Amino acid sequence: MNDVILDIRHLKKYYPVYKGVFKKVTGHVKAVDDVSLYVRRGETLGLVGESGCGKTTLGKCIVRLQSPTSGEMRFRYGEGGMRDILSLNAKEGFDVRKKIQIVFQDPYSSLNPVKTIYEAFDEPLRVHRMGSRAQRKEIIAQMLEVVNLRSDYMYRYPHEFSGGQRQRISIARALCIKPELIVCDEPVSALDVSIQAQVLNLMKDLQQQMNLSYVFIAHDLSVVEYMSDRIAVMYLGQVVELATSTSLYRTPRHPYTEALLSAVPTPELDAVRERIVLKGDVPSPINPPSGCRFHPRCSKCQEICRVEMPQLRKVSGTEDHYVACHLADTESVPQEARMEL
């Protein structure tokens, strides 16, 4: 575990629900509820799940756009090993923000329309005091060329570029301050399929060149399979399955994961895949079901599923496959019982 760059433990993010004239708190939206994950240096961790399952909220908590309600986020900071970035002082927290960046979903709204590309890049470089004006200009030119764009594009405005070019610019802006971890919040979902492939290949090349770590959030399971080394499946604010990309797609262990994979179209003309149609709707995150949160929609539900919440446990006979299901063949050692960093 010495190569782990980010270790998330029991992270929660609750949003209060207000009602009445006096804005009394009547409940909480449990967007992220007791999530534990880790990311190794140089790997891509994929996050998948239905809309509203907490993927984007988790990503925003990692980059501190949202403040978690509770939990720990330990980041390999400086020479001192792992540090909980939620407990750092202002100066240390400022230094960590340089190491963790985000690429947003919509390339049309992630750039300021009244600022040139040069101004959009120069601001974070100035904030983090990365060189003189001439040096910053050279960095911007280099980063644009890294993402296969001309250096003189820095004097143009965002409306002068296509969607794929804007997303390349957003990636270059995230890379210009030399981060170690990048949260990619559905970075290709707003692009055409042909452009998606170009951007994904570019991201994989940059990852190898710069030894980057990605947290890759997406709905498209085919994209996640291509990009990710390990994949975490989220449902209603919790991780229900965590495994390597190969293991998850070949032998899914959670009924929800099986249903998601059954909806992936196959390129083979005569191939027939049994479609698993889930009954009902996703329960409210304000008042989630007791026991396993997936049990109202699960065709394999038993009595224990209704009363006892399953823990994320290692699947028997595997090295890195975890599942939160009472009916799966798991070992008695929970995920938290792993080597201390």
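Looking up the chain in an unreviewed UniProt entry gives the name Peptide ABC transporter ATP-binding protein, with the organism given as Gordoniibacillus kamchatkensis. Comment text from UniProt for the chain, heading Sequence similarities (unreviewed entry), reads "Belongs to the ABC transporter superfamily."

## Details of the nonpolar core
If you look at the biggest cluster of nonpolar residues, it comprises 59 residues, and the most contacted ones within it are Phe121, Leu144, Ile169, Met203, Tyr214 and Phe216. Contact partners of Ile169, with chain neighbours within four places excluded, come to Leu111, Ile117, Phe121, Leu144, Leu149 and Phe161. Ranked by size, the runner-up nonpolar core spans 34 residues in total, among them Leu45, Cys53, Tyr77 and Tyr322.

## Details of the sheet that holds strand β2 (residues 24-40)
As summarised here, the arrangement of the 4 strands in space is β2-β1-β4-β5, forming an open sheet in which the pairing is antiparallel. Of all the strands in the sheet, just β2 and β5 (82-84) have a single pairing partner and so form its edges. Across the sheet, the mean angle from the axis of one strand to that of its neighbour is 25°, orientation sign disregarded. In terms of strand pairing, strand β1 (residues 4-19) meets β2 through 13 bridges, oriented antiparallel. Note that in β2 the partner of Tyr15 across the bridge is Val29. Across the sheet, helix α1 (residues 55-62) is in contact with β1, β2 and β4 (70-76); its angle to β1 comes to roughly 115°.

## Quick look at the packing of aromatic side chains
Using the criterion set out here, one finds 4 aromatic pairs in the structure. Arranged with centres 5.2 Å apart and planes meeting at 90°, the rings of Tyr235 and Phe294 form a pair that is edge-to-face. Residue Tyr235 is found in strand β9 (residues 230-235), and its partner Phe294 is found in the loop between α9 (255-262) and α10 (303-307); the two are separated by 59 residues along the sequence. Across this residue pair, the class does not change: Tyr235 and Phe294 are buried. One aromatic cluster is present, built from ring pairs that chain together Tyr235, Tyr256 and Phe294. For the cation-ring pair, Lys204 lies above Tyr226, with the distance from its terminal atom to the ring centre recorded as 4.9 Å.

## Some details on unusual backbone geometry
For Lys23, which is not a glycine, the phi torsion comes out positive at approximately 55°. In this fold, Lys23 is placed in the loop between β1 and β2. When its relative accessible area of 57% is taken as the criterion, Lys23 is described as exposed. With a phi close to 50°, Glu186 is a non-glycine residue in the positive phi region. With respect to the element layout, Glu186 can be found in the loop between β7 (181-185) and α6 (193-210).

## Side note on empty space enclosed by the protein
Evaluation of the coordinates by the stated rule reveals 4 cavities of 30 Å³ or more. Volume-wise, the largest cavity comes out at about 60 Å³. As for the largest cavity, its lining consists of His254, Pro255, Cys292, Phe294, His295, Cys298, Cys301, Cys305, Ala324, Cys325, His326 and Leu327. Taken together, the residues that form the lining of the largest cavity break down as 9 nonpolar, 3 polar and no charged.

## A few points about the pattern of salt bridges
Summed over all chains, the structure comprises 17 salt bridges. For Asp7, the salt bridge identified is with Arg9, shortest N-O distance 2.6 Å. The exposure classification of Asp7 matches that of Arg9, with both residues buried. The salt bridge partner of Asp122 is Arg136, with a shortest N-O separation of 2.6 Å. Of the two residues, Asp122 is situated in helix α3 (residues 117-127) and Arg136 in helix α4 (residues 133-146); the sequence distance between them amounts to 14 residues. For the pair Asp122 and Arg136, a shared accessibility class is recorded, and that class is buried. Here the salt bridges share partners, and the residues they tie into one network are Arg40, Glu43, Arg230 and Asp320.

## Let's talk about the pairing of β9
A large share of β9 lies buried, amounting to 6 of its 6 residues. Side chains of β9 alternate between two faces, with Arg230, Ala232 and Met234 and Ile231, Val233 and Tyr235 buried alike. When β9 meets strand β10 (residues 238-244), the two strands line up antiparallel, connected through 6 bridges. Bridge assignment links Ile231 to a residue of β10, and that residue is Ala243. Once β9 ends, the chain turns through 2 residues before running back antiparallel as β10, passing Leu236 with a positive phi of about 55°.

## Regarding the confidence of the model for the chain
When pLDDT is averaged along the chain, the result is 88; 94% of the residues meet or exceed 70. Averaged pLDDT values over the elements of the chain bottom out at 55 in strand β13 (residues 330-334) and peak at 96 in strand β8 (residues 213-217). Scored below 50 in pLDDT, residues 333-341 shows 22 contacts in the model against residues more than four places distant or in partner chains.

## Here we look at the layout of surface pockets
Taken as a whole, the largest pocket spans an internal volume of roughly 470 Å³. Lining the largest pocket are 19 residues, and of these Gln101, Ile102, Phe104, Pro124 and Ile177 lie nearest its centre. Sorting the residues of the lining of the largest pocket by element identifies α2 (90-99), β6 (100-103), α3 and α5 (163-175) as the ones contributing at least two each.

Criteria and thresholds
- Residues numbered from 1 in each chain as written.
- Predicted model: local features only at pLDDT ≥ 70, side-chain atom pairs only at ≥ 80, totals over all residues.
- Heavy atoms only, no water.
- UniProt positions renumbered as here; feature names shortened; annotations may be inferred.
- Core = buried A, V, L, I, M, F, W, Y, C linked by side-chain atoms within 4.5 Å.
- Buried < 20%, exposed > 50% of the residue type's maximum accessible area, 1.4 Å probe, protein only.
- Contact = heavy atoms within 4.5 Å.
- Pairing = 2+ DSSP bridges.
- Helix = DSSP H or I, 4+ residues; strand = E, 2+ residues; numbered from the N terminus.
- Axes fitted to C-alpha atoms, helices over the stretch in contact; angles between N-to-C directions.
- Phe/Tyr/Trp six-rings, centres within 6.5 Å; stacked < 30°, edge-to-face > 60°.
- Lys NZ or Arg CZ within 6 Å of the ring centre and 35° of its normal.
- 1 Å grid on protein atoms, 1.4 Å probe; cavity = no way out; pocket = protein on both sides within 12 Å on 5 of 7 lines; lining within 4 Å.
- Points joined across faces, edges and corners; volume = space filled by probe spheres on them.
- Nonpolar A, V, L, I, M, F, W, Y, C, P; charged D, E, K, R; others polar.
- Salt bridge = Lys/Arg side-chain N within 4 Å of Asp/Glu carboxyl O.
- pLDDT = per-residue confidence, 0-100.

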